[in-house]
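What the coordinates show
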Amino acid sequence: MSSLYDVIPPAPPKGVPTRRTTMNVNGTSQTMEVEPRLLLADALRQALQLTGTHKGCDTSNCGACTVLFDGRPAKSCTMLAVQADGHNVETVEGLANASELHPIQEGFKQEHGLQCGYCTPGMMMTAKALLERNPNPTEDEVRWALSGNLCRCTGYQNIVKSVLWAANKMREQDQEA
């Protein structure tokens, strides 16, 4: 398992095969030369400095590395960066705009849906995908959607409340628009 503090050099060493990879990350086209074995989580964290995507297990069990890949939750710790070539990737950094939090982020704040915060980015990205396809989920649907994301600090109740709060806020915003 790689360390949180591992640094991936800006370019692979001379003689190491690379592949030019272009992906749309949070609405911005990003092109980089990557080793074919580089994980998407490492490309996001190290090459693009988007450190909101956390690596907790390197086995896709915990969900801390969850990003949206073409709008669907994906565990970036078991996905290669080259697999994202030509695709859209959304990270937690893409949720808020310059002046306000996204309703999901606001919900986690209002309903105390985070403790240490390590799992929070993955939870938020999973919640975003859920709310885009189901703007009015039940508590059971939220729990099912988040079942691939582990939190070692909470009993999940406030996380579920956070997502339901965000769903309500997003529906209110849609009605006002």
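Keep in mind that this is a model prediction, so the values were computed, not measured.

**Points about the sheet that holds strand β2 (residues 28-34)**
If you trace the 5 strands from one edge of the open sheet to the other, you get β2-β1-β5-β3-β4, paired in mixed fashion. Where the open sheet ends on each side, the last strands, each with one partner, are β2 and β4 (72-75). Pairwise comparison of adjacent strand axes, ignoring direction, gives a mean angle of 40 degrees for this sheet.

**Some points on the pairing of strand β3 (residues 66-69)**
Covered by surrounding structure in β3 are T66 and L68 together with V67 and F69, the residues of both alternating faces. Looking at chain direction, β3 and β4 are connected through 4 bridges and run antiparallel. Opposite L68, over in β4, you have P73 as the bridge partner. Between β3 and the antiparallel strand that follows it, β4, lie 2 residues; D70 among them carries a positive phi value of about 50 degrees.

**Some words on the pattern of salt bridges**
Scanning all chains against the criterion turns up 10 salt bridges. Linking D85 and R19 is a salt bridge whose minimum nitrogen-to-oxygen distance equals 3.4 Å. Of this pair, D85 sits in the loop between β4 and β5 (88-90) while R19 sits in strand β1 (residues 19-25), and the two are 66 residues apart along the sequence. In this structure D85 comes out as partly exposed when scored by relative accessible area, which is 28%. When the shortest N-O distance is used, the salt bridge between E35 and R37 registers 2.8 Å. Given a relative accessible area of 18%, E35 falls into the buried group. Among the residues examined, R37 registers a relative accessible area of 67% and is labelled exposed. Counted as one network, the salt bridges with shared partners bring together D42, K55 and D58.

**A few points about the packing of helix α3 (residues 120-133) against helix α5 (residues 157-176)**
The relative placement of two packed helices comes down to the angle between their axes together with the axis-to-axis distance. At a minimum axis separation of 11 Å, α3 and α5 run at an interaxial angle of 45 degrees. Relative to α5, the element α3 is oriented oblique. When the axes of α3 and α5 are compared, the crossing they make is right-handed. Contacts between α3 and α5 involve M123, A127, L130 and L131 from the former and I159, V163, A166, A167 and M170 from the latter. Broken down by class, the residue content of the contact of α3 with α5 amounts to 9 nonpolar, no polar and no charged.

The rules behind these values
Residues numbered from 1 in each chain as written. Predicted model: local features only at pLDDT ≥ 70, side-chain atom pairs only at ≥ 80, totals over all residues. Heavy atoms only, no water. Pairing = 2+ DSSP bridges. Helix = DSSP H or I, 4+ residues; strand = E, 2+ residues; numbered from the N terminus. Axes fitted to C-alpha atoms, helices over the stretch in contact; angles between N-to-C directions. Buried < 20%, exposed > 50% of the residue type's maximum accessible area, 1.4 Å probe, protein only. Salt bridge = Lys/Arg side-chain N within 4 Å of Asp/Glu carboxyl O. Parallel < 35°, antiparallel > 145°, perpendicular 65-115°, else oblique. Left-handed = near helix turned anticlockwise from the far one by under 90°. Contact = heavy atoms within 4.5 Å. Nonpolar A, V, L, I, M, F, W, Y, C, P; charged D, E, K, R; others polar.

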